[in-house]
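# Topology and contacts: notes
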Amino acid sequence: MAGDTSLDCELLVDKLKKLFNIELLMLGGGGVLNWSFIQAGLCDEVSLVVAASADGSTKTPTLFMEKEGLSKDKPVHFKLQDVKIMDGDSLWLRYTVKK
């Protein structure tokens, strides 16, 4: 559907747009999916909620994770757009992805 031997994020987004008229896509994936789309330059905003709790387990999923064959390990920078204090002492942070 989107690449012969590895995921081609750009081709995937192009097909979603052409076949299903999808203009706006929200990623709700794991760290590998999030990082792959950011590395491909297909993500323009990162929106995250920071909860007022912590989990130090090594099994806790990460927000971004490189996986060989799907993405590169190139640093990406963000610009803070908005911060909101939410119920339960959490923060909603919105960033744009710097290109």
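So, here's what we can say about the structure. (Residues numbered from 1 in each chain as written. Predicted model: local features only at pLDDT ≥ 70, side-chain atom pairs only at ≥ 80, totals over all residues. Heavy atoms only, no water.)

Let us look at helix 2 (residues 31-39). Every α-helix carries 3.6 residues per turn, so stepping three or four residues along brings you back to the same face. Among the nine residues of helix 2, seven are classified as buried, and the element is accordingly described as predominantly covered. Contacts from the buried residues of helix 2 go to helix 1 (9-20), strand 1 (45-50) and strand 2 (78-85). Among the residues trailing helix 2, G41 stands out with phi positive, at a value near 75°. (Buried < 20%, exposed > 50% of the residue type's maximum accessible area, 1.4 Å probe, protein only. Helix = DSSP H or I, 4+ residues; strand = E, 2+ residues; numbered from the N terminus. Contact = heavy atoms within 4.5 Å.)

Another point: helix 1. With 12 residues, helix 1 extends 16 Å from end C-alpha to end C-alpha; this agrees with the ideal 16 Å at 1.5 Å per step. Residues of helix 1 that are buried include every one of C9, L12 and L16, and no others. Relative to the axis of helix 1, the buried residues are bounded by an arc of 60° and lie together on one face. Facing away from the buried side of helix 1 by more than 90 degrees, the exposed set consists of E10 and K18. Residues of helix 1 that are buried in the fold lie against helix 2. By the N-cap criterion, in which a side-chain oxygen at the helix start approaches the backbone nitrogen of a residue two or three places on, helix 1 is capped by D8, the distance to E10 being 3.2 Å. Just downstream of helix 1, N21 is the residue with a positive phi angle, here 55°. (Expected span 1.5 Å × (residues − 1). Arc of directions from axis to C-beta. Polar contact = N/O pair within 3.5 Å; in protein donor to acceptor, adjacent residues only side chain to side chain.)

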